[in-house]
Amino acid sequence: MSGRLYGVGLGPGDPELVTVRTARLIGEADVIAYHAARHGRSIARSIALPYMRAGQIEELLLYPLTTETTDHPGGYQGALDDFYADCAERLAAHLDAGRTVVVLAEGDPLFYGSYMHMHKRLAHRYPTEVVPGVTSVSAAAAVLGRPLVERGEVLTVLPGTLPAQVLAERLRDTDSAAVLKLGRTFGKVRDALSEAGRLDDAWYVERATMGAERVAPLKDVDPDGVPYFSLALLASPAERTFVPERPADEGPGEVAVVGLGPAGRPWLTPEAQEALAAATDLVGYGPYVDRVAPNPRQRRHRTDNRVEAERARHALELARDGARVAVVSSGDPGVFAMASAVLEAAADFPDVPVRVVPGLTAAQAVAARAGAPLGHDYCVLSLSDLLKPWEVVADRLSAAARADLVLAIYNPASRSRTWQVAAARDLLLEHRAPDTPVVIGRDVGGPRESVTVTTLGELDPGQVDMRCLLIIGSSTTRATEGGVVYTPRRYP
């Protein structure tokens with residue numbers, strides 16, 4: 001059986017821009033082949049070197065000439081054709097012996113690369129695969145930090161070896177352009193850019209992503225010493241029409257009250273991710289702000305958990321001055337969270353738009369981990385008596401119990417509130433059987449997640465802390481021997 005031929009793109013020069021697949025193939029290959037000028041130094045090999053291993057066969061494919069004249073009967077092209085034919089047969093000998101051959105190519109193998117001459121001569125004879133690489137054009141745009149094209153714009157890629165008049169015509173009629181193979185053609189390319197009226201917009205990029213990288217306005221570059229590994233770039237015309245960030249005196253921004261869900265990014269909705277990405281400022285309780293990945297362009301305003309009204313006003317003041325503010329809440333912002341505080345404060349900021357972005361609630365997360373305890377009618381209560389008297393909490397607990405509703409209980413305990421769980425249990429036992437299923441969900445979705453299934457009669461308040469949410473079943477809620485809890489949808 002014959003071996004397999006791979007043409008692999010190494011990217012523009014930085015070994016860290018080699019794709020994972022290319023790195024693996026280089027390490028696995030029996031034969032590594034690469035082209036070089038007569039000096040024998042190969043940039044491709046230097047890029048691939050970190051991924052090569054000892055004992056591999058190396059095939060140096062040494063060009064017989066580059067730009068000089070030749071006495072070959074077929075002229076310059078005839079000499080190259082013979083060279084490529086000889087190289088192809090050298091690689092074919094390895095393939096016939098069953099060896100895997102990887103041909104290295106800077107940039108992309110089929111983008112002005114030497115590999116394509118091997119491909120044309122061998123791909124129809126042997127199993128072949130081409131692995132794409134990052135092109136020098138993409139690398140130059142990234143180094144400049146300027147877009148190549150957007151929307152309906154046209155990008156034209158040109159070799160600097162074209163006649164000057166052809167270059168000028170193509171440069172005049174396109175939106176964006178990259179001119180490769182500069183070196184000795186630099187003067188001609190600069191003249192063509194000038195004739196096309198595009199010289200002032202052109203950039204020069206030399207050895208993009210390499211150690212000797214250089215970037216400059218093309219009109220300022222000295223033609224002497226311009227290397228082959230350089231290009232001219234005309235970036236997207238739209239780059240010059242970017243709208244600057246709106247000044248503060250041009251009106252308000254907005255406030256988005258965003259639900260982060262009960263835990264990490266997998267629990268975040270796409271709408272919430274979009275709101276967070278668009279924000280210039282993040283406002284919220286410190287641990288919730290910390291759950292959003294840092295972004296250097298965003299300002300982060302971390303506050304204590306007991307200053308909801310002040311936090312809401314601060315967010316609205318920032319938006320009034322032009323900021324796009326995301327006020328972050330755990331779970332859903334409308335369930336014992338920041339949405340009501342922001343909307344209440346917004347009465348004093350009538351010109352600031354406020355929107356609420358929903359999130360997955362803690363009750364839903366705990367219920368899903370346990371099974372389906374919220375499968376029928378249920379109510380949501382907070383045991384905290386910081387914002388309402390305990391008498392109100394007790395009356396509502398008793399009313400929900402009498403109505404035979406499943407209860408999802410938030411804020412069951414804290415460092416300063418340690419007795420409410422026992423009091424709530426005793427109230428519920430006046431209306432519920434002791435074997436009523438109870439779910440204790442702690443840090444669901446987080447690194448210390450635990451879900452405990454017990455009964456109302458055996459509920460131990462010592463097991464419950466501020467990280468917990470309780471679900472108390474109704475008379476129809478069932479718990480299986482495997483620990484699954486559900487409430488049937490049909491009520492007897």
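Notes on the structure follow. (Residues numbered from 1 in each chain as written. Predicted model: local features only at pLDDT ≥ 70, side-chain atom pairs only at ≥ 80, totals over all residues. Heavy atoms only, no water.)

## A short note on the side chain of Thr280
Right, so step 1: Structurally, Thr280 is set in the loop between helix H8 (270-278) and strand S12 (281-285).
Right, so step 2: There is a polar contact of 2.8 Å between the side chain of Thr280 and the side chain of Asp281. (Helix = DSSP H or I, 4+ residues; strand = E, 2+ residues; numbered from the N terminus. Polar contact = N/O pair within 3.5 Å; in protein donor to acceptor, adjacent residues only side chain to side chain.)

## Describing the packing of aromatic side chains
Right, so step 1: For the coordinates displayed, the defined rule picks out nine aromatic pairs.
Right, so step 2: Relative to Phe83, the ring of Tyr63 has its centre 4.9 Å away and its plane inclined at 40°; by these criteria the two rings are tilted. Here Tyr63, found in the loop between strand S3 (57-62) and helix H3 (75-96), pairs with Phe83, found in helix H3; they are 20 residues apart in sequence, far enough to count as distant. A single burial state applies to Tyr63 and to Phe83, both of which are buried.
Right, so step 3: Their ring planes at 70° and their centres at 5.3 Å tell us that Phe111 and Tyr112 sit as a pair that is edge-to-face.
Right, so step 4: Taken together, the ring pairs connect Tyr63, Phe83 and Tyr84 into an aromatic cluster. (Phe/Tyr/Trp six-rings, centres within 6.5 Å; stacked < 30°, edge-to-face > 60°. Buried < 20%, exposed > 50% of the residue type's maximum accessible area, 1.4 Å probe, protein only.)

## Regarding the packing of helix H10 (residues 308-320) against helix H11 (residues 338-345)
Right, so step 1: Two elements in contact, H10 and H11, have axes whose closest approach is 9 Å; the angle formed by their N-to-C orientations is 60°. What the angle tells us is that H10 and H11 run oblique. Note on packing geometry: the crossing formed by H10 with H11 is right-handed. Residues Glu308, Arg311, Ala312, Arg313 and Leu316 of H10 lie in contact with H11, whose contacting residues are Met338, Ala341, Val342 and Ala345.
Right, so step 2: Of the residues belonging to the contact of H10 with H11, the class tally is six nonpolar, no polar and three charged. (Axes fitted to C-alpha atoms, helices over the stretch in contact; angles between N-to-C directions. Parallel < 35°, antiparallel > 145°, perpendicular 65-115°, else oblique. Left-handed = near helix turned anticlockwise from the far one by under 90°. Contact = heavy atoms within 4.5 Å. Nonpolar A, V, L, I, M, F, W, Y, C, P; charged D, E, K, R; others polar.)

## Comments concerning helix H5 (residues 136-144)
Right, so step 1: Residues of H5 that are buried include every one of Val137, Ala139, Ala140, Ala141 and Leu144, and no others.
Right, so step 2: Close packing links the buried residues of H5 with strand S7 (176-180), strand S8 (202-206), strand S9 (214-217) and strand S10 (230-234).
Right, so step 3: Directly beyond the C-terminal end of H5, a positive phi value near 70° is found at Gly145.

## A closer look at the sheet that holds S3
Right, so step 1: Strand order in the open sheet made by the five strands is S3-S2-S4-S1-S5, with parallel pairing throughout. At either margin of the open sheet sits one strand with a lone partner, and together these are S3 and strand S5 (128-131). Put simply, the sheet's adjacent strands are angled 20° from each other on average, direction ignored.
Right, so step 2: Relative to strand S4 (residues 101-105), strand S1 (residues 5-9) runs parallel, the two sharing five bridges. In the strand pairing of S4, Tyr6 is matched with Val102.
Right, so step 3: The strands touched by H3 within the sheet are S1, strand S2 (31-36), S3 and S4, with S3 carrying the most contacts at an inclination of about 170°. (Pairing = 2+ DSSP bridges.)

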